[in-house]
Amino acid sequence: MTATILTCIDGSVYSSSVADHASWAAGRLGAGVQLLQVLGRREASSDDRSGRIVAGARRQLLEELAQLDAERAKLLRSQARLDLEDAAARIRDAGVAEISTMLRHGDLLETLHALEAGADLTVIGKRGEAADFAKLHLGSNLERILRSARRPVLIASRSFQPIERCLVAFDGRTSATRAVDEMSRSPLFSALPIQLVMVADPSPEAEQKLAAGAAQLRAGGLTVETTLQPGAPDTVIADLVEETGASLLVMGAYGHSRLRTLVIGSTTSEMIRACRVPILVYR
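Residues numbered from 1 in each chain as written. Predicted model: local features only at pLDDT ≥ 70, side-chain atom pairs only at ≥ 80, totals over all residues. Heavy atoms only, no water.

This paragraph deals with the overall build of the protein chain. Across its full length, the protein chain carries 9 helices and 10 strands. Across the 283 residues of the protein chain, 46% fall into the buried class. Restricting the contact set of the protein chain to residue pairs at least 6 apart, pairs at least 24 apart contribute 80%. (Helix = DSSP H or I, 4+ residues; strand = E, 2+ residues; numbered from the N terminus. Buried < 20%, exposed > 50% of the residue type's maximum accessible area, 1.4 Å probe, protein only. Contact = heavy atoms within 4.5 Å.)

Okay, structure coming up:
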């Protein structure tokens, strides 16, 4: 059965990069790409504006407003189809043969929840349509997706660069151990040098966990170097990404807060904000 990469675009400046990252993953996994664009309910259908019209307004005005809403919704659907066609052409030019497109109306999270069971990987941009105006914020959809995802999520950076070296943020917890296990068995990481990093005060326990993670990766045929360094995880990891020239960060969606059921986790969120490379997140 061919692997499938569920790829979410929204017409933002990140859409081309999302397509390029999906192409990279598809090439490595021998996978097909399912392109998805979801128009929100407000975008896909006209609003009832009758409550905004003062008493005594003429019926013609209401009819004109309804017509404008219908035309706007039609234009948005047409633009979304063009976005999908452009992304499909970009992925096809990268050598991916199996591509499908899907335009849906409704909530993005609900749509992904229904579709991700048939996918091996989800690709999405770090920020959405308001990217130029919210450089310090994660896209609201991204945070919702990471909280509920059942498949790995590849978060595309603003522009695609060849992925030649991978840094793995590892803490020995369940999600990080699962990430290492899946990496050891995935062709996605074949022949990529791996830097396995644990941010902790040096201790026999930390060294043992780091060595076990490295051994698991090496058992899968990967080349691994290890780093054990104290400090704040988000700062240390972001600095090491720059220093080592890593072009992909892999991590588990872990956190250290009692509110972790409501948020992704402060460490995860801060690293996603701080790093300019694509990030692969495992739950």
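Having put the structure on the table, let's press on.
Moving on to the pattern of salt bridges. Within the structure shown, the criterion is met by 6 salt bridges. Its salt-bridge partner being Arg 150, residue Glu 116 comes within 2.8 Å of it at the nearest N-O pair. You can see Glu 116 sitting in the loop between α4 (108–115) and β4 (121–125) and its partner Arg 150 sitting in the loop between α5 (140–148) and β5 (153–156), a full 34 residues away along the chain. Take Arg 150: its relative accessible area is 43%, and that puts it in the partly exposed class. With its nearest N and O atoms 2.7 Å apart, the salt bridge here joins Asp 181 to Arg 185. On the basis of relative accessibility, which here comes to 27%, the residue Asp 181 falls in the partly exposed class. (Salt bridge = Lys/Arg side-chain N within 4 Å of Asp/Glu carboxyl O.)

Quick look at unusual backbone geometry now. Unusually for a residue other than glycine, Ala 191 sits at a positive phi of about 70 degrees. For Ala 191, the position within the fold is in the loop between α6 (174–184) and β7 (194–199). Residue classification places Ala 191 among the exposed positions, given a relative accessible area of 74%.

Moving on, we come to the sheet that holds strand β3 (residues 99–105). Taken in spatial order, the 10 strands of this open sheet run β3-β2-β1-β4-β5-β10-β9-β6-β7-β8, and their pairing is mixed. Two strands bound the open sheet, and with one partner strand each, they are β3 and β8 (224–229). Going from strand to strand, the sheet's axes swing by 20 degrees on average, the running direction of each strand aside. Where strand β9 (residues 248–252) lies against strand β10 (residues 279–282), 4 bridges are found, and the strand directions are parallel. Across the sheet, the residue bridging to Leu 249 is Ile 279, located in β10. (Pairing = 2+ DSSP bridges. Axes fitted to C-alpha atoms, helices over the stretch in contact; angles between N-to-C directions.)

Checked against the element boundaries, Ile 91 lands in helix α3 (residues 59–93). The class of Ile 91 is buried, set by a relative accessible area of 0%. When the C-alpha atoms of Ile 91 and Ala 22 are compared, they prove to be 7.7 Å apart, with 69 residues separating the residues in sequence. Every residue in contact with Ile 91, bar those within four places of it in the chain, is listed here: Ala 19, Ser 23, Val 33, Leu 35, Val 96 and Ile 99.

This part takes up the packing of α6 against helix α7 (residues 204–219). Interhelical geometry of α6 versus α7 gives an angle of 20 degrees and a closest axis separation of 8 Å. What the angle tells us is that α6 and α7 run roughly parallel. Crossing angle aside, the handedness with which α6 passes α7 is right-handed. Here α6 contributes Thr 177, Val 180, Asp 181, Met 183 and Ser 184 to the contact with α7, which in turn contributes Gly 213, Gln 216 and Leu 217. Partitioning the contact of α6 with α7 into residue classes produces 3 nonpolar, 4 polar and 1 charged. (Parallel < 35°, antiparallel > 145°, perpendicular 65-115°, else oblique. Left-handed = near helix turned anticlockwise from the far one by under 90°. Nonpolar A, V, L, I, M, F, W, Y, C, P; charged D, E, K, R; others polar.)

With that settled, consider the side chain of Glu 116. Taking the relative accessible area as the measure of exposure, Glu 116 reaches 6% and is therefore buried. With residues up to four places along the chain from it excluded, the contact list for Glu 116 reads Leu 6, Thr 122, Ser 148, Ala 149, Arg 150 and Arg 151.

On to the confidence of the model for the protein chain. Close inspection of predicted coordinates is inappropriate in any region flagged by low pLDDT. With 83% of its residues at a pLDDT of 70 or more, the protein chain shows a mean pLDDT of 84. With pLDDT under 50 throughout, residues 129–138 is counted as low confidence; its partners more than four residues away or in other chains account for 18 contacts. A low-confidence stretch, residues 255–265 (pLDDT under 50), is modelled with 17 contacts involving residues beyond four sequence positions or located in other chains. (pLDDT = per-residue confidence, 0-100.)

Before going further, it helps to examine the environment of Leu 146. The topology assignment puts Leu 146 in helix α5. Judged by its relative accessible area of 1%, Leu 146 is buried. For the pair Leu 146 and Ala 253, spaced 107 residues apart in sequence, the C-alpha to C-alpha distance is 7.6 Å.

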